[in-house]
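# Notes for the structure review
The chain contents come next:
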Amino acid sequence: MTFYDGVFPFYPQARKEWAFNVNFIIVVIVFLVFASAFILIIPGIRGRARISWTFRVIISLFIGAVTVVVNFTGDWEIGSINATTTYKSFSSVVVNADIGINVGLSGVNVTLKGNPVHQINETIDYNEQFLWVFGSDYDKYYYDGLERGLPNPILYVAEKFSKNDPCGLHNQYRVVAFCSWIICNILFSMPVFIYGAYMILVTAAFMIFSLLSFSTVRNVAFCNIQFGSQSLKTYYGGSFWLTLA
């Protein structure tokens, strides 16, 4: 057993599933700071304008936070399956394991945990990230996995999301939605309120389009992930429903 970037390939240490990361925490803190700052200045707003501005700012911060945060979550689509499958390439040895998948806008996370964990004289407990976020090369993550000799189930699932596969999920729409949200906030600060409302609708249109795109891709027949006679079924996660809300 050798090191790979300072980590043992069979990960004897405990590892968490990839659902949140540091960027997620930073975004939440930033928007909480904005909300706290606004709460402090509410008493200085007079009359009915206080209610109007409170409603405007809270809704805007919620939309902005969701638009940014869902880029860093890993629960747009989740699923798991228990299957008996081949473990390594060029080997007929099979293992029983729980295979899980978490799909986010940044990439995909695949978990493989043996049932039981110790089988064929190995500890089967993997948690692998394959990213396609800006600046990341998904194919490089995949080829690194091949070089490291990751188990077949992980590589099989990861291949389904490669750029050359019909299941590839490389979405760029989220940047457009965020820019629309920025514009709507600028317009909200001007005397003509209606233009800000129009941009809110534009932002919503981009987000709805993103959800439709995501739903269309996940229902493509080629995206079926088969392990023998069983298929790994996935369902929408919290980030999808939050964006829809």
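This is a predicted model, so every value here is computed, not measured.

### Thoughts on the overall build of the protein chain
A count of helices and strands for the protein chain gives seven helices and seven strands. A total of 245 residues make up the protein chain; the buried ones form 44% of that total. In the protein chain, of all internal contacts separated by at least 6 residues, the share reaching a separation of at least 24 is 62%. As displayed, the protein chain offers around 13,700 Å² of accessible surface, 66% of which is attributable to carbon and sulfur atoms.

### Quick notes on the packing of aromatic side chains
On inspection of all chains with the given rule, the structure shows six aromatic pairs. Residues W76 and F240 carry aromatic rings whose centres are separated by 6.2 Å and whose planes lie at 85° to one another, so their mutual orientation is edge-to-face. Here W76 is found in the loop between α2 (49-69) and β1 (77-86), whereas its partner F240 is found in helix α7 (residues 238-244), with 164 residues between them in sequence. Neither W76 nor F240 differs from the other in exposure class; each is buried. Taken together, a centroid distance of 5.7 Å and an interplanar angle of 90° make the contact between Y236 and W241 edge-to-face.

### Brief notes about the packing of helix α1 (residues 22-41) against α2
Where α1 meets α2, the closest approach of the two axes is 10 Å, and the angle between their N-to-C directions is 175°. By the angle class used here, α1 and α2 are roughly antiparallel. Side by side, α1 and α2 meet where F24, V27, V28, F31, F34, A35 and F38 of the first sit next to W53, T54, V57, L61, G64, A65, V68 and V69 of the second.

### Remarks on a nonpolar patch on the surface
Nonpolar side chains collect at one region of the surface, where V22, I26, V30 and F34 lie side by side and expose about 370 Å² of accessible area between them. By secondary structure assignment, the location of V22 is in helix α1.

### A word on the pattern of salt bridges
Side chains that differ in sign of charge can pair as their charged atoms come close. Scanning the model with the defined rule gives two salt bridges in all. As a salt-bridge pair, E128 and R148 come within 3.4 Å of each other at their nearest N and O atoms. A residue pair is termed long-range when its members are at least 10 positions apart, and E128 in strand β4 (residues 122-131) and R148 in helix α3 (residues 138-148) qualify at 20 residues. Since its relative accessible area comes to 5%, E128 is described here as buried. Residue R148 is classed as partly exposed on the basis of its relative accessible area of 26%. Salt-bridge contacts for D144 lead to K140; the nearest nitrogen and oxygen are separated by 3.2 Å. Here the residue D144 and the residue K140 both occupy positions in helix α3, the gap between them amounting to four residues, near one helical turn.

### What about the pairing of strand β3 (residues 107-119)?
Bridge count for strand β2 (residues 94-103) against β3 is seven bridges, and the pairing is antiparallel. Bridge assignment links A97 to a residue of β3, and that residue is G114. Once β2 ends, the chain turns through three residues before running back antiparallel as β3. When β3 meets β4, the two strands line up antiparallel, connected through nine bridges. Across the sheet, the residue bridging to V108 is F130, located in β4. Taking the residues between adjacent antiparallel strands as the criterion, β3 and β4 are bridged by two residues, where I120 takes a positive phi near 40°.

### A few points about the nonpolar core
Among the nonpolar cores identified, the biggest contains 35 residues, and I101, V108, L112, F130, F161 and F227 are the most heavily contacted of them. Of all the secondary structure elements, the ones that give two or more residues to this core are β1, β2, β3, β4, α3, α4 (152-159) and α6 (193-218). If one sorts the elements of this core by residue count, β2 sits on top with five residues. With sequence-adjacent residues up to four places away left out, L112 is seen in contact with Y87, A97, D98, I99, I124, D125, Y126, P151, P153 and I154. Formed by 17 residues, the second largest nonpolar core is a distinct cluster that contains F38, I42, I45 and V69.

Thresholds applied
Residues numbered from 1 in each chain as written. Predicted model: local features only at pLDDT ≥ 70, side-chain atom pairs only at ≥ 80, totals over all residues. Heavy atoms only, no water. Helix = DSSP H or I, 4+ residues; strand = E, 2+ residues; numbered from the N terminus. Buried < 20%, exposed > 50% of the residue type's maximum accessible area, 1.4 Å probe, protein only. Contact = heavy atoms within 4.5 Å. Areas by Shrake-Rupley, 256 points an atom, 1.4 Å probe, with all protein chains shown as cover. Phe/Tyr/Trp six-rings, centres within 6.5 Å; stacked < 30°, edge-to-face > 60°. Axes fitted to C-alpha atoms, helices over the stretch in contact; angles between N-to-C directions. Parallel < 35°, antiparallel > 145°, perpendicular 65-115°, else oblique. Patch = residues over 30% accessible without salt bridge, like charges linked within 9 Å, V, L, I, M, F, W, Y side chains within 5 Å. Salt bridge = Lys/Arg side-chain N within 4 Å of Asp/Glu carboxyl O. Pairing = 2+ DSSP bridges. Core = buried A, V, L, I, M, F, W, Y, C linked by side-chain atoms within 4.5 Å.

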